[in-house]
Structures are given as structure tokens and as C-alpha cells.
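Per-entry structural report
Now for the letters of each chain:
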Amino acid sequence: MTISEQARVEDRSIPSQPELPPALEAAGVSKAFRAKRSSLQVLDDITLTVNQGEFVSIVGPSGSGKSTLFHIIGGLVKPDAGTVRMNGKDVTGEQGHISYMPQQPALFPWRTIEDNVLLSQEVQGRVDQEARENARYWLDKVGLGGFEKAHPHTLSGGMQQRAAFLRALLSPQELMCLDEPFSALDALTRSDMQRWLLNLWEESRRSVLFITHNIEEALLLSNRIYVFSGRPASVLQVVDVPFPRPRREDIIEHSDFIQLRRELSGWMRDEQQKMQGHRPLK
Ligand SMILES: Nc1ncnc2c1ncn2[C@@H]1O[C@H](COP(=O)(O)OP(=O)(O)O)[C@@H](O)[C@H]1O
Ligand SMILES: [Mg+2]
């Protein structure tokens, strides 16, 4: 790696800087999907913030509207009310401001792993030799060294996820939105990926908004967690996660961690039951 590439990687290891405008502010976002005779209210007055260099998670029941919020942040869907601001600028309804990893890896089968990883930069017209070297440096770092010229179908699910993740990581946009990136993985691979993402994020300190169903994963990775209600989603709770960085996996055995996990699980269970039309068990 050249000095300038090293600097580019190190540039990102700045701790969170609250004096800068937030990487993302969603304020009062509401959305209903309307058909001819019916209307489905999906988001109800969502307000959330990701400061520069923060890792923020959303947990909430399935079908509550989390992915819809990502589509609004990414400018694919227009909100009925509310605004999306990035770095202090109103970008509501505008595309191209976030780097996005959807739930499925969505790699192009005809492109090599390296070309998949470089896709977002290519779209922005920024692929030169330096970008290729940087991509190879990261591929190597995530255990995909030697697979640069391989095609996605020859890789395991976990490897494809890592490639999709790298594509988001190397996108030039500052804010990464990751929509349940590990949900398709088995427990063991998932725990590997969590450890891997934790280390990587602590080194790169990108601003991240992360959707997950997994409470332990959210507590392990996040600075802050927004708990969404069932549909229409509203912000039920905001939890600041107090554990210092760099975090080690053994924090999951800490009594404060166990206490937080219990609270979050309780809220999630209540919401899930409400959505299924049951009264919460006491
Ligand atoms: N384009 C759309 N048109 C109509 N309904 C939609 C559309 N996108 C999502 N929905 C509905 O909105 C609700 C929330 O979906 P989604 O945001 O995917 O939830 P989550 O990601 O929390 O599981 C679901 O009931 C879904 O069917
Ligand atoms: Mg979803």
C-alpha cells in the first residue's frame, strides 16, 4: 500500500466529532403506501440521528417499516412528511448520498469479486490504479485475497457477504446503511462476521446506520440503538450503549450487557406480540 492509501485509511479513524453536523438526521419522517381503496401507514414520525463516525442500530419487528426508512434515506421513496439531512444539508428525495448494503448480497454474477467491490466507485467514475490497489488491500484484509478474479457463485455465502460489505465500505459516500447484512448467515458465520465488522469499524470509523433483528449484535456494535415499534413504526426507545471502545466480545458476559439485553428483548417481545394481535404475557 502506498502512503496516500495508508493516509486514506487512517483518515477515517477519527473518533466521533459531535461539533460537525450529523452524518444523518431524519426528522419527523412519516410514510403511508396507498393503493386504490386502502392505505397502509408504515412510518409514523421517525426522528433519528447518526453523528459523524457513529455506529447506530435500528431494531424492530419484521414488517414494521425499517427497510422503507432506508429507501427514504436513500432517496428511492419519498416521505409524506419529514426531512432527511446529511452533513447539515437537506437531501430529502435525493439519490446517491449513501452507501447501501441490502439484505441480499446483490453481487453481479458476471463481474469478478474485485469488479463487484469497485462498482460504486466505477459509477462515480473513480476507478484508477490506486482504487484497484486499495480494493485488493481490503480484499486481502477480509480473507478474500486470491479471489479477486473469482466470480460470486464460486464463493460461500459468508464470502459473498464480505464482498458486498466491502463494496459498501469502499463507496465514496460517508454514510453506510446496512440492512440486516448478516440475517442469511448461520450462527457461527454470523458471529465471525460480527467480530470482523467490529474490528473493521473500529479501525475505519465510518458513520453507520445498521438494521438488525439481533439484539446482541446491536449491543456489541452500536453507540446507540433505536427500538422501533410495530407498524406503523415509531421510535419506542433510544438506548445509549455505554461500553468503551475498542470492544471485546467478552462484554456479552458483563452484567450491564445482560441487563440491557434483557430490557431490549422485553420491548421487542411486547411489540412482536402486539403485531400478532396478542396481549403481552406478564
Ligand atoms: N412499495 C411498497 N408498496 C406497498 N407496500 C409496501 C411497499 N414497500 C413496503 N411495503 C409494506 O410496508 C411494510 C413495511 O415493510 P418494510 O419496510 O420492508 O418492513 P421491515 O423492513 O421492517 O421488515 C410491509 O407491510 C410491506 O409490505
Ligand atoms: Mg426489512
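Please read these numbers as outputs of a predicted model, since none were measured by experiment.

Let's talk about the domain arrangement of the protein chain
Partitioning the protein chain into domains gives domain 1 (3-97 + 174-250) and domain 2 (108-172). Summarising the inter-unit geometry, the C-alpha centres of domain 1 and domain 2 are found 23 Å apart. Counting residues at the interface gives 12 residues for domain 1, matched by 11 residues for domain 2. When contributions to the side of domain 1 that touches domain 2 are tallied by element, the ones reaching two or more residues are β7 (175-179) and α7 (187-204). With four residues, the single largest contributor to the side of domain 1 that touches domain 2 is α7. For the side of domain 1 that touches domain 2, the class distribution of residues is eight nonpolar, two polar and two charged.

Some details on the UniProt feature "domain: ABC transporter" (unreviewed entry) in the protein chain
Cross-referencing UniProt, the feature "domain: ABC transporter" (unreviewed entry) maps to residues 24-255 in the present numbering. Secondary structure over residues 24-255 splits into 30% helix and 26% strand, and the C-alpha atoms at its two ends are 32 Å apart.

As for the sheet that holds strand β9 (residues 224-228)
The six strands lie next to each other as β6-β7-β8-β3-β9-β10, forming an open sheet whose pairing is mixed. Each edge of the open sheet is held by one strand with a lone partner, namely β6 (98-101) and β10 (235-240). Across the sheet, the mean angle from the axis of one strand to that of its neighbour is 15 degrees, orientation sign disregarded. Direction of pairing for β6 relative to β7: parallel, over a ladder of four bridges. Each bridged residue has a counterpart across the sheet, and for serine 99 the counterpart in β7 is methionine 176. The sheet contacts of helix α2 (residues 66-73) involve β3 (55-59), β6, β7, β8 (207-211) and β9, and relative to β7 the element is tilted by about 155 degrees.

Some details on the sheet that holds strand β2 (residues 39-50)
The antiparallel open sheet is built from four strands, whose spatial order is β2-β1-β4-β5. Both edges of this open sheet fall to β2 and β5 (89-90), since each of them pairs with a single strand only. Bridge analysis of strand β1 (residues 24-34) against β2 gives eight bridges, and the strand direction is antiparallel. The residue of β2 that forms the bridge with arginine 34 is serine 39. On the sheet, α2 packs against β1, β2 and β4 (81-86) and is oriented at approximately 115 degrees with respect to β1.

Procedures and definitions
- Residues numbered from 1 in each chain as written.
- Chains lettered and ligands numbered in written order.
- Predicted model: local features only at pLDDT ≥ 70, side-chain atom pairs only at ≥ 80, totals over all residues.
- Domains from an automatic or database assignment.
- Contact = placed C-beta atoms within 7 Å.
- Helix = DSSP H or I, 4+ residues; strand = E, 2+ residues; numbered from the N terminus.
- Nonpolar A, V, L, I, M, F, W, Y, C, P; charged D, E, K, R; others polar.
- UniProt positions renumbered as here; feature names shortened; annotations may be inferred.
- Pairing = 2+ DSSP bridges.
- Axes fitted to C-alpha atoms, helices over the stretch in contact; angles between N-to-C directions.

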